[in-house]
Amino acid sequence: MEYKYAMNCNYEDFASGRVLYNVSGVPNFPVRLINEIYGRCLGYSGKKEEICLYDCCCGGGYSLTVLGFLNQGSIARIIASDIDFMMLEIAKRNLSLLSEEGIKRRISELESLYKQYNKESHNEAIKSAKKLLNMIQKEIEVQVFQANAFESIELDVKPDIIITDVPYGNLVDWQGGTGDVSCLLESLKNICSKETVIAVSMNKVQKINTKSFIRLEKQNVGKRKFEIYKLAE
Ligand SMILES: C[S@@+](CC[C@H](N)C(=O)[O-])C[C@H]1O[C@@H](n2cnc3c(N)ncnc32)[C@H](O)[C@@H]1O
C-alpha cells in the first residue's frame with residue numbers, strides 16, 4: 001500500500017510504555033498506519049475539522065491518543081469505549097495526556113522516576129513528553145465509557161469518523177459477542193449518520209458482509225487489512 005497521508009518519519013516519541021502507558025502483552029497499532037487510516041477517512045469525510053472520532057474497541061486508547069496528538073488541526077472530540085474495565089483505566093490515563101495538565105503530570109511522574117532510578121530510558125521519555133506537550137494546540141474533549149460493541153451503544157452525537165482495530169483472536173479476544181465483524185458493523189449502524197466514515201482493521205481471515213454499508217476502500221498491509229465504509233443510501 002502506498003502511504004498518501006502519513007509521513008515516513010520517526011514516531012519513537014509515541015513508543016508504547018515511553019510516555020504513553022502500555023497494556024502488557026498487547027502490541028500497539030503501528031503509528032504511521034493508524035495515521036494513514038485516519039487521513040484516508042478524513043479524505044472521505046465531507047467534514048474536515050471539528051471531527052468527532054470514536055473507537056468502539058479502544059483497548060488502552062493507544063491509537064486514539066496518537067491520533068489526537070498528530071491531528072490537532074482536525075480532531076475536536078474523542079470518544080472511546082471497550083468492554084473491558086481494565087483496558088478503560090489505561091485508555092483514560094493515555095487520553096488524559098492530550099491535555100496540557102495531563103502531559104505535565106506525566107512529565108513530573110517521569111522526572112521523579114528519573115531522580116529515583118537515574119535510568120536513561122526515563123530521561124529519553126521526559127524529552128519525548130516535552131515534545132508531545134509542544135504538539136498540543138488545543139483541548140480535545142474526551143469521553144471514555146464501558147460498552148459491548150455488539151449491543152446498542154448510547155452516544156449523544158453521531159461520530160464523524162469511527163476507527164477500530166478489532167480483536168484478532170491471538171492476544172486479545174472478543175468478549176460478549178460472536179466476533180463476527182459484520183455484526184459489529186450492523187450494531188454501529190445506529191450511531192452513524194449518512195456522513196460517518198468507518199474504518200475497521202482486522203486480520204485477513206475476518207470478513208465483512210453487509211448490505212447496510214458500502215465499502216469505499218480495502219487495503220492489505222502485512223498481516224492486517226483495513227476496510228473503510230459509509231452507510232448505504
Ligand atoms: C486489538 S484491541 C484494540 C487496541 C486499541 N486499538 C489500542 O490502541 O489500544 C481490541 C479490543 O477489543 C476489546 N473488545 C473485545 N470484545 C469487545 C466487545 N464485545 N465490545 C467492545 N470491545 C471489545 C478488547 O477488550 C480489546 O481491548
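The structure displayed is predicted, hence computed values, not measured ones. (Residues numbered from 1 in each chain as written. Predicted model: local features only at pLDDT ≥ 70, side-chain atom pairs only at ≥ 80, totals over all residues. Heavy atoms only, no water.)

Some points on the sheet that holds strand β6 (residues 213-221)
Ordered by their spatial adjacency, seven strands build an open sheet running β3-β2-β1-β4-β5-β7-β6, and the pairing between neighbours is mixed. Each edge of the open sheet carries a strand with a single partner, namely β3 (141-146) and β6. Along the sheet, successive strands turn relative to each other by an average axial angle of 15°, direction set aside. Pairing of strand β5 (residues 197-203) with strand β7 (residues 224-231), which is carried by seven bridges, proceeds in the antiparallel orientation. Of the residues in β7, the one forming a bridge with I198 is Y229. Each of β2 (75-82) and β3 is contacted by helix α3 (residues 85-96), which is oriented at about 170° to β3, the strand it contacts most. (Pairing = 2+ DSSP bridges. Helix = DSSP H or I, 4+ residues; strand = E, 2+ residues; numbered from the N terminus. Axes fitted to C-alpha atoms, helices over the stretch in contact; angles between N-to-C directions. Contact = heavy atoms within 4.5 Å.)

Notes on the site of the ligand
Lining the immediate surroundings of the ligand are 24 residues, of which S63, D82, N148, A149 and Q175 lie closest. S63 places a main-chain nitrogen or oxygen 2.9 Å from an oxygen atom of the ligand. I83 places a polar main-chain atom, nitrogen or oxygen, 3.4 Å from a nitrogen atom of the ligand. Its residues placed into classes, the shell around the ligand shows 13 nonpolar, six polar and five charged. (Near = heavy atom within 4 Å. Polar contact = N/O pair within 3.5 Å; in protein donor to acceptor, adjacent residues only side chain to side chain. Nonpolar A, V, L, I, M, F, W, Y, C, P; charged D, E, K, R; others polar.)

Describing the UniProt feature "coiled-coil region" (unreviewed entry) in the protein
UniProt tags residues 100-139 as "coiled-coil region" (unreviewed entry). With 85% helix and 0% strand, residues 100-139 has its two end C-alpha atoms placed 8 Å apart. (UniProt positions renumbered as here; feature names shortened; annotations may be inferred.)

Re α3
For α3, with twelve residues, the first-to-last C-alpha span of 16 Å sits near the 16 Å given by 1.5 Å per residue. Looking only at α3, the buried set comprises M87, L88, I90, A91, N94 and L95. One face of α3 carries all of its buried residues, which in axial projection span an arc of 160°. In α3, the exposed residues that point more than 90 degrees away from the buried face are F85 and M86. (Expected span 1.5 Å × (residues − 1). Buried < 20%, exposed > 50% of the residue type's maximum accessible area, 1.4 Å probe, protein only. Arc of directions from axis to C-beta.)

Things to note about the pairing of β5
Moving residue by residue along a regular strand, the side chains alternate between the two faces of the sheet. Most of β5 sits inside the fold, with seven of its seven residues counted as buried. Side-chain alternation along β5 places V197, A199, S201 and N203 on one buried face and I198, V200 and M202 on a second face that is also buried. Where strand β4 (residues 161-165) meets β5, five bridges bridge the pair, whose relative direction is parallel. What sits directly across from D165, in β5, is S201.

Considering the nonpolar core
One finds F14, Y38 and I163 to be the most contacted residues of the largest nonpolar core, which totals 48 residues. Counting residues per element, this core draws most heavily on helix α1 (residues 31-44), at seven residues. If sequence neighbours within four positions are ignored, Y38 has contacts with I51, L53, L67, N71, S74, I75, I161 and I163. Counting residues in hydrophobic clusters, the runner-up holds 27 residues, among them C56, C57, L185 and M202. (Core = buried A, V, L, I, M, F, W, Y, C linked by side-chain atoms within 4.5 Å.)

Side note on the side chain of S212
Within the element layout of this structure, S212 appears in the loop between β5 and β6. Within the structure, S212 has its side chain in polar contact with the side chain of E186 (distance 3.0 Å). When near neighbours in sequence (up to four residues on either side) are disregarded, S212 contacts E186, K189, L231 and A232.

A closer look at the packing of aromatic side chains
If you walk through the whole model with that rule in mind, you get two aromatic pairs. Look at F14 and F69: their rings are 6.1 Å apart centre to centre, the planes differ by 50°, and that puts the pair in the tilted class. Of this pair, F14 sits in the segment before α1 while F69 sits in helix α2 (residues 62-70), placing them 55 residues apart in sequence. Owing to a relative accessible area of 4%, F14 belongs among the buried residues under this scheme. A relative accessible area of 2% places F69 in the buried class. (Phe/Tyr/Trp six-rings, centres within 6.5 Å; stacked < 30°, edge-to-face > 60°.)

Concerning helix α5 (residues 120-135)
Under the 1.5 Å per step criterion, the end-to-end length of α5 is 23 Å for 16 residues, consistent within 8% with the ideal 22 Å. Inspection of α5 places H122, A125, I126, S128, A129 and L132 among the buried residues, and these make up the whole buried set. In this fold, the buried residues of α5 make contact with α2 and α4 (100-117).

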